[in-house]
Amino acid sequence: MIRTTTSSPREDRGTSRGSASRALQVRVRDARLHGWLFVLPALTAYGVFVLWPLIQTFKYSLYQWDGVAPAQWTGLDNFKTVFSDPDLISALEHAFQLIVFFSGIPVILGLAVATLMQRLAPRRISAVARTVLFLPQVVPLVAAGIAWSWVLSMSGVVNQVLSALGFGGVTRAWLGDFGTALPAVGVIGAWVLLGLCTVLLVTGMSKIDPALYESAQIDGAGALREFLAITLPGLRQEIGVCVTVTVVAALSAFDIIYISTRGGPGNATMVPGLMIYQLAFFNREVGLASALAVVLMVLVLVCILPIQWLTRKTSDA
Amino acid sequence: MIIARRIRWLGGALLVLLMALILMPFASMFTTALHQSGTYPNGLDWPSQPQWGNFGAAFQAANMGAIFSSSVLIVVAVVPVSVMIATMAGFALGQLRIRGGQLVFLLFLLGLTLPFEGVIVPIYYEIRSMGLLNTRWAIILPLTGLYMPFGIFWMRAHFMTVPHELSEAARVDGANTWQLFWRVHVPLARPALSSLGILMAVWTWNQFLLPIVLVDDPLERTMAGALGAFQGQWGTDIPLLSAGSLLILAPTIVIFVVFQRHFVTALLQGSLKG
């Protein structure tokens, strides 16, 4: 994960070059002390608004607290609730189901689109498509949520198209239907993340040596074989990045769901991020909200670390 | 050759279709925004009498001028300071290689994939005890801290690539650490700095969780936070809501189109390094 360029201390240099270099060495040593002054402002901001709250989240998670009255120590009770309360469990399950849409669709479709852009389509169209595909990544998720709520509503574009094609029977309020609300939210996420993945993958493909493809063609490899033997391994690192970014986006989804469904209908699209918000600021269950926050953060790490390990290990060697 | 050309044509057509799909929600919002306010038009339907006045009405209803200047204020308070202190720390960790730097860096890495929901509850109580709830500081200060992991990661990666000999030469010429940083390294880091600045500006503009938790008054929020409030208030008037949403996302789109190349490389490198 951390790439360090080889750096051996350079102090062995010029030890015998007299006082000038000794003065230089003193300054270099001073610099290392001064260096801490350079880190200090960032460390303060990070400490006060990330590390300290992080510790507090762990602390709160062990208490029962309504935000006003004195907190009561309850040990791990909040965590027991997180893993036994059906609403909380289903919120965690929804987060994992969203991974299919937030990660699966953008990565797989992104591979197809990137191949299309790189090898098949006219260059100029590809360039325009890059820009257009990237657009959802730039607009606020809130705006995406509002636009899609309208597209997926009863009189929205989706139903309009379905009716025109003669599928009037399946039209519905997609975000309001217990069976389709979660996939519908997932589609919004896929729309947002597809562009990022595609552009990442296209960039990765352009770095693969074209000679590899030429020799594969000489060996008589078909397009599919080419893709599996050359493109996919060559994109290992980029795929790793796509999966990492999108999995984090899925597990910590908040904006889109807050705007489009508020977790409804019922609890059909409730996710941990929104649950934390509601528990802490509406139900006044700060301890339980914090326990869920701890679980969410641990889940993110548990999902991310293996992906990093798998996709970086050989590409660095 | 004819087959190849046909395939290229087909590939192009597929891409055009995909672009249409991506743009469809924007198009639907646009045509809807032009319908009579308070009506329920169809998703994609050009009105017989476009109501361009809806944009003006939404501008008034959302108090867009005030929201815009609030967002600009927040961005101006967050971005330069964050970029500056992240650059200083990145310089110390990537170029000065201070003692214990690896450990500090690991500490920052910890926050790189941290979901904001993980710390929002304590931040609320912290900001409350500082007496800053419902002020712009409630957004500005936490964001500065939350941006540090990425900012430092980004700048450190840049400073690692700058040859050490450059620093040594400047030292021989008598530069102290601050001069070395400000006169030699910062000018060289300009591309990395501007990419980081653009990224942070867009993230701030689009930030939603912090404003809705920490600031009640939409006029003290960021654009995205204000849009949330606007939806709550005008959610049933679809044409007006569409017009307001378009106005709110217009600035990001303009910035994107202007800085396009910068933007894409910044976001890509950002996620690649992350």
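Treat the numbers as computed from the prediction; the structure is a model and nothing was measured.

**Examining the overall build of chain A**
When helices and strands are tallied, chain A shows 13 helices and two strands. Burial statistics for chain A: of 317 residues in total, 44% are counted as buried. Partitioning the intrachain contacts of chain A with sequence separation of at least 6 by distance along the chain shows that 73% fall at a separation of at least 24.

**With respect to the nonpolar core**
A42 and L292 of chain A together with A89 of chain B are the most contacted members of the largest nonpolar core, which has 179 residues in total. No other element matches helix α7 (residues 181-206) of chain A, which puts 16 residues into this core. When residues of this core are assigned to domains, at least three map to each of domain 1 (2-56) and domain 2 (64-273) of chain B. The contacts of L292 of chain A, once residues within four sequence positions are left out, are V82, L88, P272, M275, I276 and L279 of chain A.

**Here we look at the domain arrangement of chain B**
Residue and element names in this part refer to chain B. Entries for chain B in the domain assignment read domain 1 (2-56) and domain 2 (64-273). Here the C-alpha centroids of domain 1 and domain 2 sit 33 Å apart. Tallying the contact residues gives 12 residues for domain 1 and nine residues for domain 2. Elements with a minimum of two residues in the side of domain 1 that touches domain 2: α1 (2-33) and α2 (53-61). Sort the elements by how many residues they give to the side of domain 1 that touches domain 2 and α1 lands first, with four residues.

**A short note on the interface of chain A and chain B**
Listed as interface residues are 82 residues of chain A and, on the opposing side, 82 residues of chain B. Element by element, the count of residues in the side of chain A that touches chain B is highest for helix α1 (residues 19-60) of chain A, at 23 residues.

**Re the confidence of the model for chain A**
Residue and element names in this part refer to chain A. Chain-level pLDDT for chain A is 86 on average; 88% of the residues reach the 70-or-more range. Averaged over each element, pLDDT in chain A is lowest for α1 (83) and highest for helix α12 (residues 272-281) (94). Contacts of residues 1-17 to residues separated by more than four positions or lying in other chains number seven contacts, the stretch itself having pLDDT below 50.

**Re helix α3 (residues 86-120) of chain A**
Counted at 1.5 Å a residue, the expected span for α3 of chain A with its 35 residues is 51 Å, and the 49 Å between its end C-alpha atoms agrees. At G104 of chain A, α3 of chain A is deflected by roughly 30°, the largest bend along its length, and proline P106 of chain A occurs up to four residues later in sequence.

**Quick look at the environment of V81 of chain B**
Secondary-structure assignment places V81 of chain B in helix α3 (residues 64-96). V81 of chain B sits 48 residues away from A33 of chain B along the chain, and the two C-alpha atoms are 38 Å apart.

Reading the values: the criteria
Residues numbered from 1 in each chain as written. Chains lettered and ligands numbered in written order. Predicted model: local features only at pLDDT ≥ 70, side-chain atom pairs only at ≥ 80, totals over all residues. Helix = DSSP H or I, 4+ residues; strand = E, 2+ residues; numbered from the N terminus. Buried ≥ 20, exposed ≤ 12 C-beta atoms within 10 Å, placed from the backbone. Contact = placed C-beta atoms within 7 Å. Core = buried A, V, L, I, M, F, W, Y, C linked by C-beta atoms within 7 Å. Domains from an automatic or database assignment. pLDDT = per-residue confidence, 0-100. Expected span 1.5 Å × (residues − 1). Bend = angle between axes of the 7 residues up to and from the residue.

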